[in-house]
Amino acid sequence: MVLEMLNPMHYNITSMVPDAAPIATMPILLLTVLLLLVWSYEDTSSIPGPGYCMGIGPLISHFRFMWMGIGSACNYYNKMYGDFMRVWIAGEETLIISKSSSTFHVMKHNHYISRFGSKLGLQCIGMHENGIIFNNNMDVWKVVRPFFTKALSGPSLVRMVTICAESIVKHLDRLEEVRNESGSLNVLHLMRCIILDTSNKLFLRIPLDENAIVDKIEGYFEAWQTLLLKPDIFFKISWLYKKYEKSAKDLKDAIEILVEEKRHRISTADKLEDSLDFATELIFAEKRGDLTKENVHQCVLEMMIAAPDTMSVSMFFMLLLITKHPNVEEAIMKEIQTVVGERDIRIDDTQKLKVVENFINESMRYQPVVNFIMRKALQDDIIDGYPVKKGTNIILNIERMHKLEFFPKPNEFTLENFAKNVPYRYFQPFGFGPRSCAGKYIAMVMMKVILVTILRRFHVRTLQGQGVSIEKIRLKKNLAVHPDETHEFMNMNFVPRK
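Residues numbered from 1 in each chain as written. Predicted model: local features only at pLDDT ≥ 70, side-chain atom pairs only at ≥ 80, totals over all residues. Heavy atoms only, no water.

1. Structural notes on the overall build of the protein
- If you tally the helices and strands in the protein, you get 19 helices and 10 strands.
- Within the span of the protein, comprising 498 residues, buried residues form 50% of the whole.
- When contacts within the protein are restricted to residue pairs at least 6 apart in sequence, those whose partners lie at least 24 apart make up 73%.
- A total accessible area of about 23,900 Å² is found for the protein, and carbon and sulfur atoms account for 56% of it. (Helix = DSSP H or I, 4+ residues; strand = E, 2+ residues; numbered from the N terminus. Buried < 20%, exposed > 50% of the residue type's maximum accessible area, 1.4 Å probe, protein only. Contact = heavy atoms within 4.5 Å. Areas by Shrake-Rupley, 256 points an atom, 1.4 Å probe, with all protein chains shown as cover.)

Pasting the structure below:
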């Protein structure tokens, strides 16, 4: 009898309801069955995390990510449930991990090279199956990545030292043009202009309006972090969505114009060797049929925004830390004088600047800009004893990891944390493995060049009486960590050295 009842071929569900029962009881019965099925889901996972609670848990966790920002939500959940825990984003199981052994496992394996995010959001900003940053089409990503790797290493890295130093000097010589009425500087904007100028001269080499492009990059980034985890319904509400769509389109249109100018210059160049660079290589790949035109534009866009978006904020944090740690500034200046002296910095100097490198590492550990890494499992796996199903989203909370393990004074800013070699499993500001940051080596060298070139000429000081420090400024922890730029006390003074 029981088997017959469970076999839909042998009964009609209405036959199980007494004839006298009102028709209205049918939806109630069906809803009860549905709720029982949903409720039974709650205990299927052995991984710590909030309860499913009839579907309310996933709604709350997704809402928390949109409300708090990705970085802040990750810190909240890891603090609440431990260093290996589970939530839901867009209804999908998502692990938040701040344990070094688990993070190391994910980074090193090829079946975690994919990322995740709203398809509609990524389509809006041009990253869906294009570019390198959030491209989840692994076949296309594997075609694109070598172009970035080549452009960010070898001869380009060597050329960058001279190009970056020249750009810094050019901008420092024009400081009077950008000081405000009190004589202070918007250092974050200055860093963005310097790094954009350097990136352009390395990878595109087309004249552009720095201030206009910097403004468009900021708008694009705001759209990116806002749309990345939005549910599909958000994109049906035009008055919410169109603002971000316009910001993304503004930068995409500007980059398209620059790339078209690059195409024209290539076609009219007397010597093709004079035009060879990252953008040229992409355009040639398009002509061979290896890349689409849309992908070429997105690759150039991502190369042009990557450093101005993240490295500029990192440099701002570093300069702010120097203002509060005069003993560190003194040690850096002593090393600069010993290694570089009065001449221009060279590529071979960068490997000798150990104090500067330790300072950069400690700055990125203490106050990271990229504070987490997003991945997706492409096959079933086991991580530190926990089963991970194919399709599971993963967020590696490296900000928290860097303050939990190995370092002797994890909650303090001190160069003592890098007084001895740090095993790379405990310190991953750029990630490692098959989907690590393609620009991690050139980024380290560029940061050294910027610090050496600025600090040789200027003392950096916060505005008098403001008491500004990293611990006191308001930080936004969403897709990346950014300071609240609405207050003037973000400005600094550059005082010439005697």
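2. Focus: the nonpolar core
- Ranked by internal contacts, the top residues of the largest apolar core, which has 133 residues, are Phe65, Trp224, Phe359, Ile450, Leu451 and Phe494.
- If one sorts the elements of this core by residue count, helix H14 (residues 293-324) sits on top with 18 residues.
- Not counting residues up to four positions away in its chain, the partners in contact with Ile450 are Cys164, Ile168, Met191, Ile195, Met311 and Met315.
- Counting 16 residues, the second-largest nonpolar core is a separate cluster that includes Phe84, Ile97, Val106 and Ile383. (Core = buried A, V, L, I, M, F, W, Y, C linked by side-chain atoms within 4.5 Å.)

3. A word on a nonpolar patch on the surface
- A surface patch of nonpolar side chains, about 360 Å² in accessible area, is lined by Phe63, Met66 and Trp67.
- With respect to the helices, strands and loops of the structure, Phe63 is situated in helix H3 (residues 56-68). (Patch = residues over 30% accessible without salt bridge, like charges linked within 9 Å, V, L, I, M, F, W, Y side chains within 5 Å. Salt bridge = Lys/Arg side-chain N within 4 Å of Asp/Glu carboxyl O.)

4. Thoughts on the pairing of strand S2 (residues 92-97)
- For strand S1 (residues 84-89) and S2, the ladder comprises six bridges, and the chain directions are antiparallel. In the sheet register, Met85 faces S2, and the bridge partner there is Ile96.
- Here four bridges tie S2 to strand S6 (residues 393-396), and the two strands are oriented parallel to one another. Looking at the pairing, Leu95 lines up with Ile394 of S6. (Pairing = 2+ DSSP bridges.)

5. A few points about the pairing of S6
- Side chains Asn393 and Ile395 project from S6 onto one buried face, and the interleaved Ile394 and Leu396 project onto a second face that is buried too.
- Sheet topology places strand S3 (residues 373-376) next to S6; four bridges connect them, and they run antiparallel. Pairing of Arg375 across the sheet is with Ile394, part of S6.

6. Re the packing of helix H10 (residues 187-203) against helix H11 (residues 210-227)
- For the pair H10 and H11, interaxial distance at closest approach is 10 Å and the crossing angle is 105 degrees. Of the possible angle classes, the one that applies to H10 and H11 is roughly perpendicular. Of H11, the residues touching H10 (which contributes His189, Arg192, Cys193, Leu196 and Asp197) are Glu210, Asn211, Ile213, Val214, Ile217 and Glu218.
- Tallied by class, residues from the contact of H10 with H11 come to five nonpolar, two polar and four charged. (Axes fitted to C-alpha atoms, helices over the stretch in contact; angles between N-to-C directions. Parallel < 35°, antiparallel > 145°, perpendicular 65-115°, else oblique. Nonpolar A, V, L, I, M, F, W, Y, C, P; charged D, E, K, R; others polar.)

7. Topic: the packing of aromatic side chains
- Taken as a whole and judged by the stated rule, the model has 25 aromatic pairs.
- Through a chain of ring-to-ring contacts, three or more aromatic side chains come together here, namely Phe406, Phe407, Phe418, Tyr426 and Phe427.
- In this arrangement the basic side chain of Arg64 is found over the ring face of Tyr76, its NZ or CZ atom lying 4.0 Å from the centre.
- Note that Lys403 overlies the ring of Tyr366, its terminal NZ or CZ placed 5.0 Å from the centroid. (Phe/Tyr/Trp six-rings, centres within 6.5 Å; stacked < 30°, edge-to-face > 60°. Lys NZ or Arg CZ within 6 Å of the ring centre and 35° of its normal.)

8. Section: the environment of Gly439
- Residue position: Gly439 is located in the loop between helix H18 (398-401) and helix H19 (440-457).
- We classify Gly439 as buried; its relative accessible area is 11%.
- Taking C-alpha positions, Gly439 is 7.9 Å from Ser153, a pair spaced 286 residues apart along the chain.

9. Section: H11
- Between its first and last C-alpha atoms H11 spans 26 Å; for 18 residues at 1.5 Å apiece the expected length is 26 Å, and the two agree.
- Turning to H11, its buried residues number three or more, namely Glu210, Ile213, Val214, Ile217, Tyr220, Phe221, Ala223, Trp224, Gln225, Thr226 and Leu227.
- Looking at the packing, one finds that the buried side of H11 touches helix H6 (119-125), helix H8 (155-172), H10, helix H12 (238-268), H14 and strand S9 (481-483).
- The opening residue of H11 is Asp209, an N-cap whose side-chain oxygen sits 3.2 Å from the backbone nitrogen of Asn211. (Expected span 1.5 Å × (residues − 1). Polar contact = N/O pair within 3.5 Å; in protein donor to acceptor, adjacent residues only side chain to side chain.)

10. Notes on the pattern of salt bridges
- Tallied over the full model, the rule gives 30 salt bridges.
- Of the charged contacts in the structure, one is a salt bridge between Arg457 and Asp173, with a shortest N-O distance of 3.1 Å. Here Arg457 is found in helix H19, whereas its partner Asp173 is found in the loop between H8 and helix H9 (175-178), with 284 residues between them in sequence.
- Judged by relative accessible area, Arg457 falls into the partly exposed class, the value being 31%.

11. What to know about unusual backbone geometry
- Unusually for a residue other than glycine, Glu129 sits at a positive phi of about 60 degrees.
- Structurally, Glu129 is set in the loop between H6 and helix H7 (138-151).
- Exposure remark for Glu129: the relative accessible area of 37% places this residue in the partly exposed category.
- The phi angle at Phe406 is positive, at roughly 75 degrees, despite the residue not being glycine.
- Inspection of the secondary structure puts Phe406 in the loop between H18 and H19.
- The class of Phe406 is partly exposed, set by a relative accessible area of 33%.

12. What to know about the sheet that holds S6
- Reading across from one edge, S1-S2-S6-S3 is the order of the four strands in this open sheet, with mixed pairing throughout. Bordering the open sheet on either side are S1 and S3, each of which pairs with just one other strand. Shown here is a sheet whose adjacent strand axes are inclined to one another by a mean of 25 degrees, direction ignored.
- Lying over the sheet, H3 contacts S1, S2 and S6, oriented at roughly 90 degrees with respect to S1.
- Lying on the sheet, helix H5 (residues 100-108) is in contact with S1, S2, S3 and S6; it crosses S6 at an angle near 120 degrees.

13. Focus: the environment of His62
- Its place among the elements puts His62 in helix H3.
- Considering only alpha carbons, one finds His62 and Ala90, 28 residues apart in sequence, at a separation of 6.3 Å.
- Not counting chain neighbours up to four residues away, the residues in contact with His62 comprise Trp88, Ile89, Ala90, Leu229 and Pro231.
- Here the side chain of His62 touches Leu229 through a polar contact of 2.6 Å, landing on its backbone oxygen.

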